[in-house]
Amino acid sequence: MRRGLRFVPVAALAAVVAELAVFVGVGRAVGFGSAVLLVFAASLLGLVLLRREGMRAWRGFRAAAQAGAPPGPQVTDGLVGLLGALLLAVPGLVSGVVGLLLLLVPPVRRLAGAGVRRATERRVSSMVAGDLFGPRRVRVRRGDAAPSAQPEPQEPAPTVVDGGRAIEGEIVER
């Protein structure tokens, strides 16, 4: 069992306690009838947006697949939209606010999408990640090498295998 999964029950309990505390606080501030209507309206809006975001994600995936482009960016954006709509559909004020942030605030949506992408790239092979998201972009900075007291030994010439043709493979970090 993964180490992070042992915290799921504790996190779920904390979420329920937070939802109840916020509901009681809002109920005292605006009245419990208004708080119940607010939760009901947010859940109804979430159900409507769940369908819209699902269709949007599917259309984005199909368009990328037909264009021959990597579908990863559309898939991650669709997953973030679906998560936002699902959080809005779940009865609760805290989850509704988080869902609205994921749906309506572009920097939050991009940040969540980047997190989904990083998590996906960690869990799949680099070849699959390349198929999903396209080639990885890296930053290269030119600079002077640190001066060393001893001259670096020359590396031996690389061995040419298979007539110099490219060999497909995967880099495995140790």
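Whatever comes next refers back to the structure up there.
Described in the following lines is the structure provided in the data block.

Scoring rules and cut-offs
Residues numbered from 1 in each chain as written. Predicted model: local features only at pLDDT ≥ 70, side-chain atom pairs only at ≥ 80, totals over all residues. Heavy atoms only, no water. Phe/Tyr/Trp six-rings, centres within 6.5 Å; stacked < 30°, edge-to-face > 60°. Buried < 20%, exposed > 50% of the residue type's maximum accessible area, 1.4 Å probe, protein only. Salt bridge = Lys/Arg side-chain N within 4 Å of Asp/Glu carboxyl O. Helix = DSSP H or I, 4+ residues; strand = E, 2+ residues; numbered from the N terminus. Expected span 1.5 Å × (residues − 1). Contact = heavy atoms within 4.5 Å. Core = buried A, V, L, I, M, F, W, Y, C linked by side-chain atoms within 4.5 Å.

Counting across every chain of the model gives 2 aromatic pairs. Centre to centre, the rings of Phe-23 and Phe-32 are 6.2 Å apart; their planes meet at 50°, and the pair counts as tilted. Residue classification places Phe-32 among the partly exposed residues on the basis of a relative accessible area of 43%.

This part takes up the pattern of salt bridges. Across all of its chains, the model carries 6 salt bridges by this definition. Measuring nitrogen to oxygen at the nearest pair gives 3.1 Å for the salt bridge that ties Arg-109 to Glu-53. Separated by 56 residues along the polypeptide, Arg-109 in helix α5 (residues 106-123) and Glu-53 in helix α2 (residues 32-67) bring together distant segments of the chain. Residue Asp-77 pairs with Arg-56 through a salt bridge whose shortest N-O separation is 2.7 Å. Of the two residues, Asp-77 sits in helix α3 (residues 72-89) while Arg-56 sits in helix α2, which places them 21 residues apart along the sequence.

Turning to helix α1 (residues 8-30), a few remarks are in order. Over its 23 residues, α1 runs 32 Å from end to end, which matches the ideal 33 Å to within 8%, given 1.5 Å per residue. Directly after α1, the chain includes Gly-31, whose backbone phi takes a positive value near 105°.

Bringing the side chain of Thr-76 into the picture now. Of note, Thr-76 is situated in helix α3. Apart from the residues lying within four places of it in its own chain, the contact partners of Thr-76 are Gly-113, Val-116, Arg-117 and Phe-133.

Turning to the nonpolar core, a few remarks are in order. Within the largest apolar cluster, 5 residues are counted, these being Ala-42, Leu-49, Ala-85, Leu-88 and Leu-103. Listing elements by their share of this core, those giving two or more residues are α2 and α3. Discounting chain neighbours no more than four positions away, the residues touching Leu-49 are Ala-85, Leu-88 and Leu-103.

Residue Arg-56 is classed as partly exposed on the basis of its relative accessible area, which comes to 34%. Sequence separation between Arg-56 and Gly-78 is 22 residues, and the spatial gap between their C-alpha atoms is 7.0 Å.

Read these as layout, nothing more, since geometry by itself doesn't imply function.
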